[in-house]
Amino acid sequence: MFFGAAQVKKNYVSFYLMPVYIYPDLLKNISPELKKHMQGKSCFNFKKVEKTLFEELSQLTKHGFERFMKEEYS
């Protein structure tokens, strides 16, 4: 099962997080700032380091992993 990945591109870095595609309710409490970085249903793009948003994305990743383990993929 594909969980997530980071891809370095020429002008930005993409972070793919599949739990938010499978469980869109995980996104209900994300900040508007993080939402602006979404491209599609499960991809976040960043052109620069944004520590606060990376911390929020880290928590979202943790919640996604916990959901995978709890619901189907343990």
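Above this text sits the structure in question.
Please read these numbers as outputs of a predicted model, since none were measured by experiment. By convention here, each chain's residues receive numbers from 1 onward along its written sequence. Restriction of local features to residues with pLDDT of at least 70 applies here, the model being predicted, together with a cutoff of 80 or more for giving and counting side-chain atom pairs; totals for whole chains, interfaces and linings are based on all residues. The side-chain values count all of the structure's non-hydrogen atoms but skip hydrogen atoms and water molecules.

**Description of the nonpolar core**
- In terms of nonpolar packing, the biggest core is built from 14 residues, with V20, L27, I30, L34, F44, F46 and L60 touching the most fellow members.
- Labels follow the DSSP assignment, with helices taken as runs of H or I lasting at least four residues and strands as runs of E lasting at least two, numbered in each case from the N terminus. Those elements that place two or more of their residues in this core are β4 (43–46) and α3 (51–71).
- No other element matches α3, which puts four residues into this core.
- Excluding residues within four positions of it along the chain, I30 makes contact with K35, M38, E56 and L60. Put simply, a nonpolar core is a bunch of buried Ala, Val, Leu, Ile, Met, Phe, Trp, Tyr and Cys residues held in one set by side-chain atoms that sit within 4.5 Å of each other. Each residue's exposure class comes from its accessible area (1.4 Å probe, protein chains only) as a fraction of the maximum for that residue type: buried when under 20%, exposed when over 50%, partly exposed otherwise. We call two residues in contact whenever any of their non-hydrogen atoms come within 4.5 Å of each other.

**Some points on the pairing of strand β2 (residues 13–17)**
- Should DSSP find at least two bridges between two strands, the strands are taken to pair. Across five bridges, strand β1 (residues 4–8) lies against β2 in antiparallel orientation. Within the sheet, the bridge partner assigned to A6 lies in β2 and is F15.
- Following β1, the chain reverses through four residues before pairing antiparallel with β2.
- One ladder, built from four bridges, connects β2 with β4; its direction is antiparallel. Within β4, the position partnered with S14 by the bridge is N45.

**Some remarks on a nonpolar patch on the surface**
- A cluster of nonpolar residues, M1, Y21 and I22, forms a patch on the protein surface that exposes about 340 Å² of accessible area.
- Considering the arrangement of structural elements, one finds Y21 in helix α1 (residues 19–22). Candidate patch residues must exceed 30% relative accessible area and have no salt bridge, after which like charges are joined if within 9 Å and Val, Leu, Ile, Met, Phe, Trp or Tyr side chains if within 5 Å. Each accessible area is a Shrake-Rupley estimate made with a 1.4 Å probe; only the visible protein chains count as cover when residues are assessed. By convention in these notes, a salt bridge is any Lys or Arg side-chain nitrogen within 4 Å of a carboxyl oxygen on Asp or Glu.

**A few points about the side chain of S42**
- Within the fold, S42 resides in the loop between β3 (38–39) and β4.
- With a relative accessible area of 10%, S42 lands in the buried category.
- Filtering out sequence-adjacent residues up to four positions away, S42 remains in contact with F15, Y16, L17, M18, V20 and Y21.

**A closer look at the sheet that holds β3**
- Read across the open sheet, the four strands follow the order β1-β2-β4-β3; overall the sheet is antiparallel. The outermost strands of the open sheet, each flanked by one partner alone, are β1 and β3.
- Simply put, an axis is a line fit to the C-alpha atoms, just over the touching stretch for a helix, and the angle between two N-to-C directions goes from 0 to 180 degrees. Docked against the sheet, α3 engages β2 and β4, running at close to 160° with respect to β4.

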